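Below are the chains, spelled out letter by letter.
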Amino acid sequence: MILVIIIDVREQTMLSKALGSGWGVLLPGAVIGGLMFADLSIDVWKAMIVSGLLVTSGMIWHKQLRHFVLLPSCVALVSGILVILMSLK
């Protein structure tokens, strides 16, 4: 609801900025979705979480890569969700 109010106040320019980073969530989600069918162990998923977090922290301080920081952070997030789901079974 707050996003709708912000879009109304700032007109349509805010809408393109809000939806512009959607590929940063969909691309890692698709890659991780494909890796789900590879039957990787929990240790491999945990390593993907750690590497995603380390790459995210490294990309924050790089001037050009800062714009793509959503990619590794979403890999870490989706991998973490999968580890939780795997441990519940």
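Just so we're clear, the structure is a prediction, and the values are computed from it rather than from any experiment.

I would appreciate a short explanation of the UniProt feature "transmembrane region" (unreviewed entry) in the protein chain in the present structure.
Sequence positions flagged by UniProt for "transmembrane region" (unreviewed entry) are, in local numbering, residues 20-38 and 68-88. Secondary structure within residues 68-88 divides into 90% helix and 0% strand; the distance between the first and last C-alpha atoms comes to 32 Å.

Would you mind showing me how to read a nonpolar patch on the surface here?
Where nonpolar side chains cluster on the molecular surface, the patch consists of Trp23, Leu27, Val31, Leu65 and Phe68 and spans about 460 Å² of accessible area. Considering the arrangement of structural elements, one finds leucine 65 in the loop between helix H4 (42-60) and helix H5 (70-88). A residue is classified by how much of its surface remains accessible, and leucine 65, at 38% relative accessible area, is partly exposed.

How should the confidence of the model for the protein chain be read in this particular structure?
Should pLDDT be low for a region, the predicted coordinates there are not to be read in detail. Per-residue confidence for the protein chain gives a mean pLDDT of 78; residues scoring 70 or more make up 76%. Within the protein chain, helix H2 (residues 13-20) has the poorest average pLDDT of any element, 49, and H4 the best, 91. Under a pLDDT of 50 for its full length, residues 14-19 has, in the predicted model, four contacts with residues more than four places off or in other chains.

How should unusual backbone geometry be read in this particular structure?
Most peptide bonds take the trans configuration, and most residues that are not glycine carry a negative phi. If you check the backbone angles, aspartate 39 has positive phi at about 55° while not being a glycine. Assignment of secondary structure puts aspartate 39 in the loop between helix H3 (23-36) and H4. With relative accessibility at 72%, the residue aspartate 39 sits in the exposed group.

Help me understand the packing of H4 against H5 in this model?
Working note: a packed helix pair is described by the angle between its axes plus the distance between those axes. Closest axis-to-axis distance for the H4/H5 pair is 8 Å, and the angle between their directions is 155°. The angle between H4 and H5 falls in the class roughly antiparallel. Our pair here, H4 against H5, has a crossing hand that is left-handed. Taken together, the residues of H5 that come into contact with H4 (itself represented by Ile42, Trp45, Lys46, Met48, Ile49, Gly52, Leu53, Val55, Thr56 and Met59) are Pro72, Ser73, Val75, Ala76, Ser79, Gly80, Leu82, Val83 and Met86. A class-by-class count of the residues in the contact of H4 with H5 yields 13 nonpolar, five polar and one charged.

What am I meant to see in H5 here?
Structural remark: α-helix, 3.6 residues per turn; residues separated by three or four positions point the same way. Here H5 spans 27 Å end to end across 19 residues, near enough to the 27 Å set by a 1.5 Å rise per residue. Against H3 and H4 lie the buried residues of H5.

What counts as what
Residues numbered from 1 in each chain as written. Predicted model: local features only at pLDDT ≥ 70, side-chain atom pairs only at ≥ 80, totals over all residues. Heavy atoms only, no water. UniProt positions renumbered as here; feature names shortened; annotations may be inferred. Helix = DSSP H or I, 4+ residues; strand = E, 2+ residues; numbered from the N terminus. Patch = residues over 30% accessible without salt bridge, like charges linked within 9 Å, V, L, I, M, F, W, Y side chains within 5 Å. Areas by Shrake-Rupley, 256 points an atom, 1.4 Å probe, with all protein chains shown as cover. Salt bridge = Lys/Arg side-chain N within 4 Å of Asp/Glu carboxyl O. Buried < 20%, exposed > 50% of the residue type's maximum accessible area, 1.4 Å probe, protein only. pLDDT = per-residue confidence, 0-100. Contact = heavy atoms within 4.5 Å. Axes fitted to C-alpha atoms, helices over the stretch in contact; angles between N-to-C directions. Parallel < 35°, antiparallel > 145°, perpendicular 65-115°, else oblique. Left-handed = near helix turned anticlockwise from the far one by under 90°. Nonpolar A, V, L, I, M, F, W, Y, C, P; charged D, E, K, R; others polar. Expected span 1.5 Å × (residues − 1).

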